[in-house]
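Commentary on secondary and tertiary structure
One-letter residues, chain by chain:
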Amino acid sequence: MWHAYNLVCVGDTLRSTTIRKVQTESATGSVASNKVRTLLTIRIEAIDFDTQACVLRVKGRNVQENQYVKMGAYHTIDLELNRKFTLGKLEWDSVALERIDLACDAAQHADLAAIIMHEGLAHLCLVTPNMTLVRAKVETSIPRKRKGMCSQHDKGLTKFYDQIIQAVLRHLKFDVVKCVLIGSPGFVKDQFYEYMFTQAVKTDNKVLIENKSKFILAHSSSGHKHALKEILSDPNLAPRLADTKASGEVKALDDFYQMLQNDPDRAFYGIRHVEHASEQQAIETLLITDELFRANDVSTRKRYVSLVDDVKDNGGEVKIFSSLHVSGEQLGQLTGVAATLRFPIPAPDDEDSSSDDNN
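An account of the accompanying structure is given in this report. (Residues numbered from 1 in each chain as written. Predicted model: local features only at pLDDT ≥ 70, side-chain atom pairs only at ≥ 80, totals over all residues. Heavy atoms only, no water.)

1. Digging into the overall build of the chain
Within the chain, the secondary structure is distributed over 12 helices and 14 strands. Along the first, second and third principal axes, the C-alpha set of the chain runs to 80 × 75 × 35 Å. Expressed as a percentage of its 359 residues, the buried residues of the chain come to 46%. Pairs at least 24 apart in sequence give 66% of the contacts found in the chain among residues at least 6 apart. As displayed, the chain has an accessible area near 19,200 Å², and 48% of this comes from carbon and sulfur atoms. Of the charged side chains in the chain, 44 are positive and 48 negative; the average position of the first set lies 10 Å away from that of the second. (Helix = DSSP H or I, 4+ residues; strand = E, 2+ residues; numbered from the N terminus. Buried < 20%, exposed > 50% of the residue type's maximum accessible area, 1.4 Å probe, protein only. Contact = heavy atoms within 4.5 Å. Areas by Shrake-Rupley, 256 points an atom, 1.4 Å probe, with all protein chains shown as cover. Lys, Arg positive; Asp, Glu negative; His and termini not counted. Charge placed at Lys NZ, Arg CZ, Asp CG, Glu CD.)

2. A look at the environment of glutamate 317
Secondary-structure assignment places glutamate 317 in strand β13 (residues 317-321). For glutamate 317, a relative accessible area of 39% translates into the label partly exposed. Separated by 30 residues in sequence, glutamate 317 and leucine 287 place their C-alpha atoms 8.7 Å apart. Once residues within four sequence positions are removed from consideration, glutamate 317 is found in contact with Glu284, Thr285, Leu286 and Val311.

3. Some words on the sheet that holds strand β14 (residues 337-341)
The four strands lie next to each other as β11-β14-β12-β13, forming an open sheet whose pairing is mixed. Strands at the two margins of the open sheet, each flanked by one partner only, are β11 (267-269) and β13. Neighbour-to-neighbour, the strand axes of this sheet turn through a mean angle of 15°, independent of strand direction. Together, β11, β12 (283-289) and β14 form the strand contacts of helix α9 (residues 271-279), whose direction differs from that of β11 by roughly 130°. Sheet strands touched by helix α10 (residues 298-313): β12, β13 and β14. Its angle to β12, the strand with the most contacts, is close to 155°. (Pairing = 2+ DSSP bridges. Axes fitted to C-alpha atoms, helices over the stretch in contact; angles between N-to-C directions.)

4. Some remarks on α9
Quick reminder: α-helices carry 3.6 residues per turn. Residues three or four places apart thus point the same way. In terms of burial, α9 is a largely internal element, eight of the nine residues being buried. Those residues of α9 not exposed but buried are Ile271, Arg272, His273, Val274, Glu275, His276, Ala277 and Ser278. Phi turns positive, to about 55°, at glutamine 281, one or two residues after α9.

5. Quick look at the pattern of salt bridges
All told, the structure shown has 17 salt bridges when counted by the stated rule. Across the pair arginine 99 and aspartate 290 runs a salt bridge whose closest N-O atoms are separated by 3.8 Å. Placement of arginine 99 in helix α2 (residues 94-103) and of aspartate 290 in the loop between β12 and α10 is noted, with a sequence separation of 191 residues between them. Classification of arginine 99 as buried rests on a relative accessible area of 11%. For the salt bridge of aspartate 190 with lysine 189, the shortest nitrogen-to-oxygen distance reads 3.7 Å. The exposure class assigned to aspartate 190 is partly exposed, which follows from its relative accessible area of 28%. For lysine 189, a relative accessible area of 10% corresponds to the buried category. A cluster of three or more residues bridged by salt bridges with shared partners is formed by Asp48, Arg57 and Asp78. (Salt bridge = Lys/Arg side-chain N within 4 Å of Asp/Glu carboxyl O.)

6. So, the sheet that holds strand β7 (residues 121-127)
In space, the five strands of this open sheet follow the order β8-β7-β6-β9-β10, with mixed pairing throughout. Since the sheet does not close on itself, it has two edges, and those belong to β8 (132-139) and β10 (215-219), each with one partner. Each neighbouring strand pair of the sheet contributes to a mean axis angle of 20°, computed without reference to strand direction. Examined bridge by bridge, strand β9 (residues 179-184) and β10 share five bridges and lie parallel to one another. Across the sheet, residue valine 180 finds its bridge partner in β10, namely phenylalanine 215. Relative to β10, helix α4 (residues 188-203) is tilted by about 160°, and along the sheet it contacts β6 (112-118), β9 and β10.

7. Looking at the environment of valine 36
Tracing the backbone shows valine 36 in strand β2 (residues 31-50). Judged by its relative accessible area of 14%, valine 36 falls in the buried class. C-alpha separation for the pair valine 36 and tyrosine 68, spaced 32 residues apart in sequence, amounts to 8.5 Å. Once you skip the residues sitting within four places of it in the chain, valine 36 turns out to touch Thr18, Ile19, Arg20, Val22 and Tyr68.

8. Brief notes about the packing of aromatic side chains
As enumerated under the stated definition, the model contains eight aromatic pairs in all. Taking 5.4 Å as the distance between ring centres and 85° as the angle between the ring planes, the aromatic pair formed by phenylalanine 197 and phenylalanine 215 counts as edge-to-face. Residue phenylalanine 197 is found in helix α4, and its partner phenylalanine 215 is found in strand β10; the two are separated by 18 residues along the sequence. Where phenylalanine 256 meets tyrosine 257, the ring centres are 5.8 Å apart and the plane angle is 65°; that geometry is what we call edge-to-face. The ring of tyrosine 74 is capped by lysine 59, whose NZ or CZ atom sits 5.3 Å from the centre of that ring. (Phe/Tyr/Trp six-rings, centres within 6.5 Å; stacked < 30°, edge-to-face > 60°. Lys NZ or Arg CZ within 6 Å of the ring centre and 35° of its normal.)

9. Focus on unusual backbone geometry
At aspartate 204, a position not held by glycine, the phi torsion is positive, near 55°. Structurally, aspartate 204 can be placed in the loop between α4 and α5 (206-210). Of note, the phi angle at threonine 335 is positive, near 75°, even though the residue is not glycine. Its place among the elements puts threonine 335 in the loop between α11 (326-332) and β14. Under the relative-accessibility criterion, threonine 335 is labelled partly exposed at 40%.

So this is what it looks like as structure tokens:
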């Protein structure tokens, strides 16, 4: 559904089955209303994506004759998993076609999970190639340790750990997930890991025991979602995460920050600066968020598509970041577009670039 959200744009036509409430008047003048399933084609005017329910809502006017809906009448179609639809565009650009190829590649599905925690707070996340989904948030009040009275603290911790284990069993599909990261400050992760597998042996939980090798311990500064980027950036974990797509984007963003710090003439961000580098055929890696391709203004979208095409034509690598992924959120704070260069070049005038970025 995330791919569909990135394909659908205002002005496109969309054809799908939907349910419409229809009023009929009998010969006696009485009015009855009932719901009918019909096939509608609308020209899209508004788009809304619900990440939790995984439903895409598109609103627009009917553009084809229909038995139940007048031409030009507004209707909202809810698209969900396994519901067929036909999308029409005036122009299929390279970014849209690449998105279709990506969506059809079965190897690109979610294969990484993470438990980010500190005492009393834990987030269970699924890291797909396109977004970071918080599947469960566990928050428990744990009493402090008191001299000679640790029992209440221990009971609170046990309850906290049990809730996390239940969330893991409920939300993780181990036939898909290749790796589960457990991150925390201090020794919280170690204590939880030991408790989880001690309980698994006691209760003969074969799911956890058989997948023990998939759990990896790592350091994080806190139990909040943003701490996930620290773990994904850890070079010691790179070999274990090499076959998960999420690590590629994080590494590219890390390389950009390193370049910005050590050799700023080879690290540009902002559309004007990056376009200037592209004109010089200097871009080695282009980093861009998918949010920029959802611009309602056709000329703005074409500007970014043209940039992507130029970089590819000149032998550069393009990495499209998801705006719902932790790395994409961070790139979004840098205007959403950045590049590492093959060789240093002078930046364009700041006055020109600031006026262009504001546009």
